[in-house]
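Close look at the chain arrangement
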Amino acid sequence: GYYAQNETEPDFLPRSEEDASISRIAKGVTKYVYDRGSYARTKKKVFRDKVICGVGYYWVYYDFDYDKLEGIIKFDRKSPFEVFVDPESTREDLSDAEFCGLFSWEHPEQLKQVYPDKEDEIGLLAHEFDAEEVAADTVGSEPLWYSKELKKVRVVHYWYKERGFRDVYEFEGKIMDGEEVEANPELSAMAHLGVIKKNRVPNTTVKYITFCNNVLLEEGDSPYKHKRFPLVRDFCYYTGEKDDVDESLEPAGIIRDLKDIQREVNKHRSQRMHIVNQQANGVKYLKGAGTAKLKADLK
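The structure reproduced in this document is the subject of the present report.

1. Quick notes on the overall build of the protein chain
Along the protein chain, the regular secondary structure elements total nine helices and 14 strands. Put simply, the protein chain has 299 residues, and 27% of those count as buried. Intrachain contacts of the protein chain at a sequence separation of at least 6 include 58% that bridge at least 24 residues. For the protein chain, the accessible surface area stands at approximately 22000 Å², while carbon and sulfur atoms represent 52% of it.

2. Points about the packing of aromatic side chains
For the structure on display, the rule yields 13 aromatic pairs. Ring geometry for Y158 and Y160: centres 5.6 Å apart, planes at 25°, overall stacked. Put simply, the rings of Y34, Y39, Y58 and F75 pair up and form one aromatic cluster. Looking at R154, its charged tip hangs above the ring of F103, at a distance of 4.2 Å from the centre.

3. Section: the environment of E128
Here E128 shows up in helix α5 (residues 119-130). Measuring from C-alpha to C-alpha, the distance between E128 and Y146 comes to 9.7 Å, with 18 residues separating the pair along the chain.

4. A look at the pattern of salt bridges
According to the stated counting rule, one finds 16 salt bridges in the structure shown. Put simply, E98 and R163 hold a salt bridge, and the shortest N to O gap is 2.5 Å. Here the residue E98 occupies a position in the loop between β3 (83-85) and β4 (99-106), and R163 occupies one in strand β8 (residues 152-171), the gap between them amounting to 65 residues. Looking at E98, the relative accessible area reads 30%, which means it is partly exposed. Overall, R163 belongs to the exposed group, its relative accessible area being 53%. A salt bridge links E250 to R256; its shortest N-O distance comes to 3.9 Å. Members of the salt-bridge network, linked through shared partners, are E9, K31 and D35.

5. Some words on the sheet that holds strand β12 (residues 231-235)
Here three strands make up an open sheet; going across it, the order is β2-β1-β12 and the pairing antiparallel. Edge positions in the sheet fall to β2 (70-78) and β12, since each of these pairs with one other strand and no more. Going from strand to strand, the sheet's axes swing by 25° on average, the running direction of each strand aside. Relative to β12, strand β1 (residues 55-65) is paired through five bridges, and the arrangement is antiparallel. Residue W59 lies in a different strand from β12, and its bridge partner there is L231. Of the strands in this sheet, β1, β2 and β12 touch helix α3 (residues 39-53), which is tilted by about 155° from β1.

6. Observations concerning the side chain of K207
Its place among the elements puts K207 in strand β10 (residues 197-212). Here K207 falls in the buried class, since its relative accessible area comes to 16%. A distance of 2.3 Å separates polar atoms of two side chains, one belonging to K207 and the other to D221. Discounting chain neighbours no more than four positions away, the residues touching K207 are Y158, W159, Y160, E162, G220, D221 and S222.

7. Notes on the nonpolar core
Of all hydrophobic cores here, the largest spans 16 residues; its most connected members are W159, F229 and L231. Breaking this core down by element, the ones donating at least two residues are β1, β3, β4, β10 and β12. Those residues in contact with F229 that sit more than four places away from it in its chain are L94, A97, E98, F99, C100, W159, Y160, K161 and V206. Residues L111, Y115, F129 and V155 belong to the second largest nonpolar core, which totals 15 residues.

8. Here we look at unusual backbone geometry
For L94, which is not a glycine, the phi torsion comes out positive at approximately 60°. Among the structural elements, L94 can be located in the loop between β3 and β4. Positive phi, close to 60°, is recorded for K227, a residue that is not glycine. Residue placement: K227 occurs in the loop between β11 (215-221) and β12.

9. Some details on the pairing of β11
Here six bridges tie β10 to β11, and the two strands are oriented antiparallel to one another. Bridge assignment links K207 to a residue of β11, and that residue is D221. Linkage of β10 to β11, two consecutive antiparallel strands, is achieved through a turn of two residues, within which N213 is found at a positive phi near 55°.

10. Focus on the pairing of β4
When you tally the buried positions in β4, you get seven out of eight residues, the bulk of the element. Pairing of β3 with β4 involves three bridges; the strand directions are antiparallel. Counterpart to F84 in the pairing with β4 is G101.

Calculation rules
Residues numbered from 1 in each chain as written. Predicted model: local features only at pLDDT ≥ 70, side-chain atom pairs only at ≥ 80, totals over all residues. Heavy atoms only, no water. Helix = DSSP H or I, 4+ residues; strand = E, 2+ residues; numbered from the N terminus. Buried < 20%, exposed > 50% of the residue type's maximum accessible area, 1.4 Å probe, protein only. Contact = heavy atoms within 4.5 Å. Areas by Shrake-Rupley, 256 points an atom, 1.4 Å probe, with all protein chains shown as cover. Phe/Tyr/Trp six-rings, centres within 6.5 Å; stacked < 30°, edge-to-face > 60°. Lys NZ or Arg CZ within 6 Å of the ring centre and 35° of its normal. Salt bridge = Lys/Arg side-chain N within 4 Å of Asp/Glu carboxyl O. Pairing = 2+ DSSP bridges. Axes fitted to C-alpha atoms, helices over the stretch in contact; angles between N-to-C directions. Polar contact = N/O pair within 3.5 Å; in protein donor to acceptor, adjacent residues only side chain to side chain. Core = buried A, V, L, I, M, F, W, Y, C linked by side-chain atoms within 4.5 Å.

Right, dumping it as structure tokens:
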């Protein structure tokens, strides 16, 4: 409740007077995107996840509405149990992660609408898993690829980085990309003649692949120019101190702080019940006056 009543919004502050108008535009555009994408409502759900589980997840993506023929930036809350992240990643913004992704349960007929070219393969996949004689793989007590109860298949959205090199050119003090130079006939001719200096630099591209079991539904380059994953993490806090030698500290929420207190309460309660039960079984009483010998024995 305190968090909901003290809602905050990001602000853009100018470094100089020339940046004042740009800052106002940036703030207006950001607020518009947040309002259209129902960010405030999603933020409260993610906050609940992070104070309980220690970390919450946003999935930020561009969704296209075929009825209105326009797109919108959307913010979805994803369950911490439906997300996977590179275990070697330590940065909160996932800039050092090599991969991440999530899974979702989808109806086969819905998948056929999204991937009409894979309609036959999706139909065969659902029929194979739905057959009684086929033993479905499981992860613990949960089905791996097909849920007979839901009549849905598990779809994995996997995002990863691909590392390589690209050509850049230096021309009149500017750094130009190789594709930009090749698109300009004049610059392209100068590049082939060696007039423009050419450099080969490391390049990292983000790619994605969507699949269900052995059926490849979709793959390609990330449509986003920021070269980041669409998954955004929001932490409550880390266990331990910042100066600890152990860098792989797990995220924690307020539930972890309550565990020891609850264990102490439970232990006290169980001990009290144990004493009461022992007294109920061991109490004896006498009727009438006892002899001197009996009193001595009892003492």
